[in-house]
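# Structural overview
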Amino acid sequence: MMELTFKLQRAANLVFDYLTDMQKFASVHPVIYQIDAKRDGSYLVHEKLRIGFIPFAFTYPATVEQDMAEKKVIPGQSV
């Protein structure tokens, strides 16, 4: 499991909203260009990186779980 910690100069509610709304998250992420919702509630994430002048695109499944009362994003299980 990966755990990331960041300090941001934004309101906690705004950050939580962007971390739990996958379309908003994709709109501000530097390498994610599309996120597709799947029928099972998970997502298919599309990323594109540039290694030198060569673009490298890949996709992976992801889940997002949240604790609304605590305003926390909970690490999901691998899909």
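Here's what I pulled together on the structure shown here. Note that the structure is a prediction, hence the values are computed from the model and not measured.

### What about the packing of aromatic side chains?
Between two aromatic rings, the relevant description is the distance of the centres plus the angle of the planes. Per the stated rule, a full pass over the model turns up 2 aromatic pairs. Between the aromatic rings of phenylalanine 56 and phenylalanine 58, the centroid separation amounts to 5.6 Å while the plane-to-plane angle is 40°, which identifies the pairing as tilted. Counting every residue linked through ring pairs, the aromatic cluster contains Phe56, Phe58 and Tyr60. Lysine 24 extends its terminal NZ or CZ atom over the ring of tyrosine 18, reaching a point 5.5 Å from the ring centre.

### Focus on the sheet that holds strand E2 (residues 43-51)
Sheet strands pair via backbone hydrogen bonds, and the direction of the pair is either parallel or antiparallel. Sheet architecture is open: 3 strands sit in the order E1-E2-E3, paired in antiparallel fashion. Looking along the sheet, the strands with just one partner apiece sit at the ends: strand E1 (32-37) and strand E3 (54-62). Going across the sheet, the axis of each strand differs from the next one's by a mean of 20°, ignoring polarity. Both E1 and E2 contribute to a ladder of 5 bridges, which runs antiparallel. Bridge assignment links isoleucine 32 to a residue of E2, and that residue is glutamate 47.

### What to know about the pattern of salt bridges
Applying the stated criterion across every chain, the model contains 1 salt bridge. With a shortest N-O distance of 2.4 Å, lysine 24 and aspartate 17 are connected by a salt bridge. Since its relative accessible area comes to 29%, aspartate 17 is described here as partly exposed.

### Quick look at the environment of phenylalanine 16
Inspection of the secondary structure assignment puts phenylalanine 16 in helix H1 (residues 12-20). In this structure phenylalanine 16 comes out as buried when scored by relative accessible area, which is 6%. With 55 residues separating them in the primary sequence, phenylalanine 16 and lysine 71 have C-alpha atoms 6.5 Å apart. Ignoring any residue separated from it by four or fewer positions in sequence, one finds phenylalanine 16 in contact with Gln66, Asp67, Met68, Lys71, Lys72 and Val73.

### Some words on the environment of leucine 14
Within the secondary structure layout, leucine 14 lies in helix H1. The spacing of leucine 14 and serine 42 is 28 residues in sequence and 22 Å in space, taken between C-alpha atoms.

### Structural notes on the pairing of E3
Note: E2 against E3, 9 bridges, orientation antiparallel. Following the sheet pairing, histidine 46 is matched in E3 by threonine 59. Remark: 2 residues form the turn of the hairpin made by E2 and E3, two consecutive strands paired antiparallel; glycine 52 in that turn has positive phi of roughly 70°.

Definitions and limits used
- Residues numbered from 1 in each chain as written.
- Predicted model: local features only at pLDDT ≥ 70, side-chain atom pairs only at ≥ 80, totals over all residues.
- Heavy atoms only, no water.
- Phe/Tyr/Trp six-rings, centres within 6.5 Å; stacked < 30°, edge-to-face > 60°.
- Lys NZ or Arg CZ within 6 Å of the ring centre and 35° of its normal.
- Pairing = 2+ DSSP bridges.
- Helix = DSSP H or I, 4+ residues; strand = E, 2+ residues; numbered from the N terminus.
- Axes fitted to C-alpha atoms, helices over the stretch in contact; angles between N-to-C directions.
- Salt bridge = Lys/Arg side-chain N within 4 Å of Asp/Glu carboxyl O.
- Buried < 20%, exposed > 50% of the residue type's maximum accessible area, 1.4 Å probe, protein only.
- Contact = heavy atoms within 4.5 Å.

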